[in-house]
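Examining the three-dimensional arrangement
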Amino acid sequence: MSYVDEVYALVVEKNPAQPEFHQAVKEVLESLRVVIEAHEEEYRRDALLERLVTPERQLLFRVPWVDDKGQVQVNNGFRVQFNSAIGPYKGGLRLHPSVNLGIIKFLGFEQIFKNSLTGLPIGGGKGGSDFDPKGKSDREVMAFCQSFMTELCKYIGADTDVPAGDIGTGAREIGYMFGQYKRIRGLYEGVLTGKGLSYGGSLARTEATGYGLLYLTEEMLKCNGHDIKGKTICVSGAGNVAIYAIQKAQQLGAKVVTCSDSTGWIYDPEGIDVALLKDIKEVKRARLTEYAATRKSAEYHEGRGVWSVKCDVALPCATQNELLIDDAKALVANGCIAVAEGANMPTTLDATEYLQKNGILFCPGKASNAGGVATSALEMSQNSERLSWTFEEVDGKLKNIMVNIFHNLDSAAKKYGMEGNYVAGANIAGFLKVADAMLAQGVC
Ligand code: NDP
Ligand code: 2IT
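To keep things clear, this report deals only with the structure shown in the data block. Numbering of residues begins from 1 in every chain and follows the order in which that chain's sequence is written. By the order in which they are written, chains take letters starting at A while ligands take numbers starting at 1. Where local features are concerned, this predicted model is filtered to residues with pLDDT of at least 70; where side-chain atom pairs are given and counted, the filter is 80 or more; whole-chain, interface and lining totals use all residues. Values shown for side chains rest on all heavy atoms present in the structure; no hydrogens or waters enter the calculation.

Axis definition: a line fitted to C-alpha atoms, limited for helices to the stretch in contact. Angles are taken between N-to-C directions and run from 0 to 180 degrees. Helix and strand assignments come from DSSP, with helices taken as H or I runs of at least 4 residues and strands as E runs of at least 2, each series counted from the N terminus. For the pair helix H8 (residues 205-223) and helix H9 (residues 240-251), interaxial distance at closest approach is 7 Å and the crossing angle is 50 degrees. Between H8 and H9, the interaxial angle falls into the category oblique. Crossing of H8 over H9 shows right-handed handedness. When H8 is examined against H9, the residues Thr206, Glu207, Thr209, Gly210, Tyr211, Leu213, Leu214 and Tyr215 are found in contact with a partner set consisting of Asn240, Val241, Tyr244, Ala245, Gln247, Lys248, Ala249 and Gln251. If an angle is under 35 degrees, it is roughly parallel; if it is over 145, roughly antiparallel; if it lies from 65 to 115, roughly perpendicular; otherwise it is oblique. With the far helix as reference, a near helix turned anticlockwise by less than a right angle produces a left-handed crossing, and one turned clockwise produces a right-handed crossing. Any pair of residues with heavy atoms lying within 4.5 Å of one another is described as a contacting pair.

See below:
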């Protein structure tokens, strides 16, 4: 058996019932096959792949908190510190009832390569809890966040591990966690990113993942002879990534006709009204039914269905495994030319393969959504120098980073004989830097 197949079999055996983690590892190892085979003896001796797929540290902890009725609730807390070869662990905290160790491990594993692709000195980590912020009062969210940080604060720090937002974790949650960290550790430091602007946050971090997704998509289209201007785009999700992806797409002259949440989706042929969407999702924390109730041009549909709408470009920005094989077939049949992932691993492996085989430009999330974590690293730099940069400065750096990422993965794919395969390009380019650092640092 080849080294790659052996290590994949080992991952499945040693990490039972973690299908998302298996999926993420499979995609990466498959793309690395040519690189690994060229260095098989050295990598085997150093157990490089076994080390790469094994987290350096996994923290699992109890999170007790009191709800508004005086009842004690208990959630599971997670932080997986996956790989620190190129910098302190960096990655978000997901708060969603579906969170389990396998999901956090898949996200942490993806983060290693994503963070490497940014070109900035950040290692890979991820955390979160099965706590559901939906329907909770601000006081309940604060009680949860304080309890979560009471335990987590023992293991993180500005030069050790720097968490941030992800699904269910936005500015409100980061604020409560930052306050608790400062209170217990007595340190005012950049231990979290995505902070509010009044206490060390960076301008453009809120917008960064969605804006970055569009900067990369624009470059990918341009390098393949297309102009984003005038394109029809379908977006899924209606959270942080989706909202700012829609906003930037519109600024670049495209028309976005869909968005979705976990209960249904909107088709708005006149183009999504971002101000209305922001008010519903960021201020009122309400459902998309409110969007259709307010806007005459919009249709609301229950369930899923965004990918059945005819578009030139598809941007999945909700969650993992939300673009399935039948969706890929519908996109191809409708003449879609490009898919770029805003979410982490939103496209299943068979759907990805189908899109690529049918000539669709496909950019994986670890490259196309890297603008969020890249801007988090810029927030860390600003915190270290105790200065804040202007919106234009941060946004300009973000755009450069995204354009560079696209060219790096494009070149890596060409160099290894897989021109146009941006999945392989991203995995190879991300891996090479981490592998080099791991080998240089000896057995650790
Ligand atoms: P938010 O919590 O702001 O929004 C998530 C959106 O996706 C909501 O519209 C939510 O609907 C929907 N959603 C979440 N889970 C499900 C589900 N199981 N089924 C259907 N819809 C779902 O999160 P973000 O926008 O921050 O994150 C979206 C994706 O982008 C995630 O994959 C995340 O890991 C990734 N990402 C985020 C970055 C960031 O900086 N925030 C950076 C890079 C990647 P509802 O409100 O109904 O739950
Ligand atoms: O998936 C991701 O890259 C994020 N949720 C952002 C991580 C970060 O540290 O900003």
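When helix H13 (residues 349-357) is considered as a whole, its buried residues turn out to be Ala351, Thr352 and Leu355. One side of H13 carries all its buried residues, which in axial view fall inside an arc of 100 degrees. Residues of H13 that are buried sit in contact with helix H12 (325-333), strand E11 (338-340), strand E12 (361-363) and helix H17 (422-440). Looking one or two residues past H13, Gly359 carries a phi angle of roughly 75 degrees, positive in sign. Residue burial is assigned from relative accessible area. The probe radius is 1.4 Å, only protein chains are included, and a residue is buried under 20% of its type maximum, exposed over 50%, and partly exposed in between. The arc in question is the one traced by the directions running from the helix axis out to the C-beta atoms.

Turning to the sheet that holds strand E5 (residues 161-164), a few remarks are in order. In this scheme, strands are said to pair when DSSP sees at least two bridges between them. Ordered by their spatial adjacency, five strands build an open sheet running E1-E2-E4-E3-E5, and the pairing between neighbours is mixed. The sheet terminates laterally at strand E1 (57-66) and E5, the two strands that pair on one side only. Taking the axes of each pair of neighbouring strands and ignoring which way they run, one obtains an average angle of 20 degrees across the sheet. Across six bridges, strand E2 (residues 72-83) lies against strand E4 (residues 123-129) in antiparallel orientation. Paired with Arg79 across the strands is Gly127, a residue of E4. Across the sheet, helix H5 (residues 101-117) lies against E1, E2, strand E3 (89-95) and E4, angled at about 150 degrees from E4, the strand it touches most.

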